[in-house]
Structure formats: C-alpha cells, structure tokens
Amino acid sequence: MAPKRRKTQTGGGETSIPPPLTNKETSAGKEIQVRIDPDLLDCSICFHPLCSPVKQCKNGHVACPSCWSKLQHQCHICKFPVVTRSIALEKVLEAAHLPCTYTNLGCRQSVSYSQMQVHTDTCEFGPSLCPIPGCAHKAFSGEWRGHFLKDHQNLQRKCSYGQTCYVRFKKEDRYYILLGPGEDLFLLVKEPICNVGNALSLYYIDLPHQGQHVFPYELKVITRENFITSSVQLNSQAVSIKEWKRGEVHGTYLLVPLGFTEQHMEVHVCL
Ligand SMILES: [Zn+2]
Ligand SMILES: [Zn+2]
Ligand SMILES: [Zn+2]
Ligand SMILES: [Zn+2]
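Residues numbered from 1 in each chain as written. Chains lettered and ligands numbered in written order. Predicted model: local features only at pLDDT ≥ 70, side-chain atom pairs only at ≥ 80, totals over all residues. Heavy atoms only, no water.

Student: I'd love a proper account of the sheet that holds strand β3 (residues 82–85), names of residues and values included.
Tutor: Strand order in the open sheet made by the three strands is β2-β1-β3, with antiparallel pairing throughout. Each having just a single partner strand, β2 (62–63) and β3 make up the two edges of the open sheet. Relative to β2, strand β1 (residues 55–57) is paired through two bridges, and the arrangement is antiparallel. For Gln56, the partnering residue across the bridge sits in β2 and is Val62. (Pairing = 2+ DSSP bridges. Helix = DSSP H or I, 4+ residues; strand = E, 2+ residues; numbered from the N terminus.)

Student: Any chance you could break down the coordination of the zinc ion (ligand 2) for me, citing the residues and the numbers?
Tutor: Surrounding the zinc ion (ligand 2) are the protein donor atoms Cys57 (SG), His61 (ND1), Cys75 (SG) and Cys78 (SG), at 2.2 to 2.3 Å. Around the zinc ion (ligand 2) sit four donor atoms; with metal-centred angles ranging over 104 to 118°, the donor geometry is tetrahedral. We note that the donor set of the zinc ion (ligand 2) lies within a single chain, spaced as C-x3-H-x13-C-x2-C. One end of the pair, Cys57, is in strand β1; the other, Cys75, is in the loop between α2 (65–70) and β3, and 18 residues separate them in sequence. (Donors = N, O, S within 2.8 Å, 3.2 Å for Na, K, Ca; no water. Tetrahedral: all angles 85-135°; square planar, octahedral: opposite > 155°, others 65-115°.)

Student: Could you give me a rundown of helix α5 (residues 144–151), with the residues and numbers involved?
Tutor: Each α-helix turn comprises 3.6 residues. Residues three or four places apart therefore point the same way. Turning to α5, its buried residues number three or more, namely Trp144, Arg145, His147 and Phe148. On an axial view of α5, the arc spanned by its buried residues comes to 165°, and they lie on one face. Tucked inside the fold, the buried residues of α5 contact β6 (128–129), β7 (138–139), β8 (156–158), β10 (175–179), β11 (185–193) and β12 (197–205). (Buried < 20%, exposed > 50% of the residue type's maximum accessible area, 1.4 Å probe, protein only. Arc of directions from axis to C-beta. Contact = heavy atoms within 4.5 Å.)

Student: So, the packing of aromatic side chains: which residues are in play, and what are the values?
Tutor: All told, the structure shown has eight aromatic pairs when counted by the stated rule. Ring pairing ties together the aromatic residues Tyr161, Phe186, Tyr204 and Phe215, which thus form one cluster. (Phe/Tyr/Trp six-rings, centres within 6.5 Å; stacked < 30°, edge-to-face > 60°.)

Student: Tell me what's going on with the pairing of strand β14 (residues 228–237), and back it up with residues and numbers.
Tutor: Bridge count for strand β13 (residues 216–225) against β14 is 10 bridges, and the pairing is antiparallel. Following the sheet pairing, Lys220 is matched in β14 by Gln233.

Student: Residues and numbers for a nonpolar patch on the surface, please.
Tutor: A cluster of nonpolar side chains, contributed by Ile32, Val34, Ile36 and Leu40, occupies part of the molecular surface with about 400 Å² of accessible area. Along the chain, Val34 falls in the loop between α1 (23–26) and β1. The exposed category is assigned to Val34, whose relative accessible area is 61%. (Patch = residues over 30% accessible without salt bridge, like charges linked within 9 Å, V, L, I, M, F, W, Y side chains within 5 Å. Areas by Shrake-Rupley, 256 points an atom, 1.4 Å probe, with all protein chains shown as cover. Salt bridge = Lys/Arg side-chain N within 4 Å of Asp/Glu carboxyl O.)

Student: How would you sum up the coordination of the zinc ion (ligand 3)? Please name residues and give values.
Tutor: In a perfect tetrahedron of four donors around a metal, the angles come out at 109.5 degrees. In a perfect octahedron of six, they are 90 or 180 degrees. Protein-derived coordination of the zinc ion (ligand 3) comes from Cys100 (SG), Cys107 (SG), His119 (NE2) and Cys123 (SG), at a distance range of 2.1 to 2.3 Å. Coordination geometry of the zinc ion (ligand 3): the four donor atoms subtend angles of 99 to 113° at the metal centre, consistent with an arrangement described as tetrahedral. Donor residues for the zinc ion (ligand 3), ordered by position in the chain, follow C-x6-C-x11-H-x3-C. For the pair shown, Cys100 and Cys107 are each scored as buried.

Student: Hey, could you go over helix α3 (residues 87–95) for me, with residue numbers and the actual values?
Tutor: Considered for burial, the residues of α3 that qualify are Leu89, Glu90 and Leu93. End-on view of α3: buried residues confined to an arc of 105°, all on one side of the axis. Set apart from the buried face of α3 by more than 90 degrees, the exposed residues are Ala88, Lys91 and Ala95. On the buried face of α3, the contacting elements are β2, β3 and β5 (110–112).

Student: Could you give an account of the nonpolar core, naming the residues involved and the relevant values?
Tutor: Counting residues in hydrophobic clusters, the biggest one holds 41 residues, and the most contacted among them are Leu188, Leu200, Val221, Val267 and Val269. Listed in part, the 14 residues of the second largest apolar core include Leu41, Val54, Cys57 and Cys67. (Core = buried A, V, L, I, M, F, W, Y, C linked by side-chain atoms within 4.5 Å.)

Student: Let's hear about the pairing of β11: which residues, and what values?
Tutor: Counting buried residues in β11 gives seven out of nine residues, a clear majority hidden from the surface. For β10 and β11, the ladder comprises five bridges, and the chain directions are antiparallel. Directly across from Leu179, in β11, lies its bridge partner Leu185. What sits between the antiparallel neighbours β10 and β11 is a turn of five residues, in which Gly182 has the positive phi angle 60°. With eight bridges joining them, β11 and β12 adopt antiparallel strand pairing. Directly across from Lys190, in β12, lies its bridge partner Leu200. The loop that links β11 with its antiparallel partner β12 comprises three residues; one of these, Asn195, has a positive phi angle of about 65°.

Student: So what's going on with the environment of Tyr102? Residues and values would help.
Tutor: Tracing the backbone shows Tyr102 in the loop between β4 (97–99) and β5. We classify Tyr102 as buried; its relative accessible area is 13%. Between the alpha carbons of Tyr102 and Phe125 there is a distance of 6.2 Å; along the sequence they are 23 residues apart. The residues contacting Tyr102, other than those within four sequence positions of it, are Cys107, Thr120, Cys123, Phe125, Gly126, Pro127 and Phe140.

All quantities given are derived from atomic positions and should not be read as evidence of function.
Encoded structure:
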C-alpha cells in the first residue's frame, strides 16, 4: 500500500508549519512532501517541463532534449558541448508528481513532471477542435453549445427526447448538431464511403467517462419511388466522444447505399 502523504495546510492567512517527521516517515522507501517551485523543473530555453534524457554541459547547465538538439549539443549559456546526462535530475522529474493542468476542469490525474507535457497534449479535459469543416475553433467541454448556437446556426436542430426530429442533408453537408434538452448535444455525421454510400452515425458530445447516461436513438432514412416506400433504419446507442476526427466513424452506423436517396437525404432522428 502506498504510504500516506501528509498534507501541508496553506491559506487562511496563516502559515502552518508541517509537523516534524517521525523516524518511521524518514526511513527508506517512505514518501515525504517537498515544496519546490515547478519553474525550476522547466527547460530554461523553451520553458516546457524538462523530460528525460536531461542533457547537461560540464558546468551543469541543463536543457530539454529537443532544445539540445536544436543547439547542436552546445550549451546555450557557456557554449561547452554537452557531456553527460543528469540522472539525478531525471529521477527528481520522474518522482515529482503534479496535478494535471486541467484539474479545474475535472481531470483527477496526478502526473509525473517528466510526463506532464505528453499528458497535457492528450488529456481528455483539454480543448478539442470543432468538427465543422472550415472552422478552426477550439473549445473545452461545456463550451460547445454556445459556439454552435453562435457560429453554426444553419447546421443545427433542436430536439426533444422521445420525439422525432428531421434533418435534411444537402449533398455537401457532412454534419448536423442536435441541441438536446438541457446541455445535451449530439453530432449527426454523414460520412461518405467511396463507391458504397454514406455512413450515418450519432455521437453524444462530451467526455467519455462523464457519459454515464445511455442515449438510445433511432435513425431512419426513407425514400419513395413509384409509390413504393423503402427505408433503412438503425437502433443503437450514441457513442460519447470528446473529439470527433473528421473522416472517422466510431461505433455503429447506418449505411445508406449509393443511389438510395436523391440529392437530399432526410434523416429521421428519434432520441
Ligand atoms: Zn527546451
Ligand atoms: Zn553550460
Ligand atoms: Zn489531465
Ligand atoms: Zn465551429
């Protein structure tokens, strides 16, 4: 079992002094809390967190691997060539754990300092890119409704649970946003599959692990020709996604074969 960390209280205008360490706590293998300015663990050139291998010149100046290679392995301060790795500092970086940058947005992960940049770049609480082609807007979870309402009014429909809403895709349309009750947002995607047809899929826009709810849906596309009605239909559950990469289909989808509909495709959606 991991040793219990002692909490150092701050705030309230008082500086509390951590209780002295007991013999047990100072024995080998036990953790102690150390306060350190995280800036000291950043590369002094690019200011990103240092990561292994940490190279140093013979005077002990360090920089991150990427900056060293850009400097052609010559120290940026004293111009001596890089001579060795700073193993001790690498161990400190590995052992020092910090809360994720997106803690205030809900990430509960504690990340080793050397992995902080990698985690920040891929953290599911980080910002994601708007799926609408040509839109470069980046936003965090919870901000999308405002963006869609403001910037994509022509690509959205309001919908209620238990009622069918109709989405009319023009040939060039690829996405529709369904504004559900409350904060619920869905993305209806029409993904062309070469020489086959179109894959229709529905996603719930949120962070995967927050999607505790299940969102069953029905998609139906109807065509009428010579008084004969044909339809294709899918009953499934909306996959919860954070970022919907263009050109990707997740989970189940409704395949609408080529030539099934005319120029426009009217999709019946029931959530
Ligand atoms: Zn650097
Ligand atoms: Zn140097
Ligand atoms: Zn995170
Ligand atoms: Zn957008």
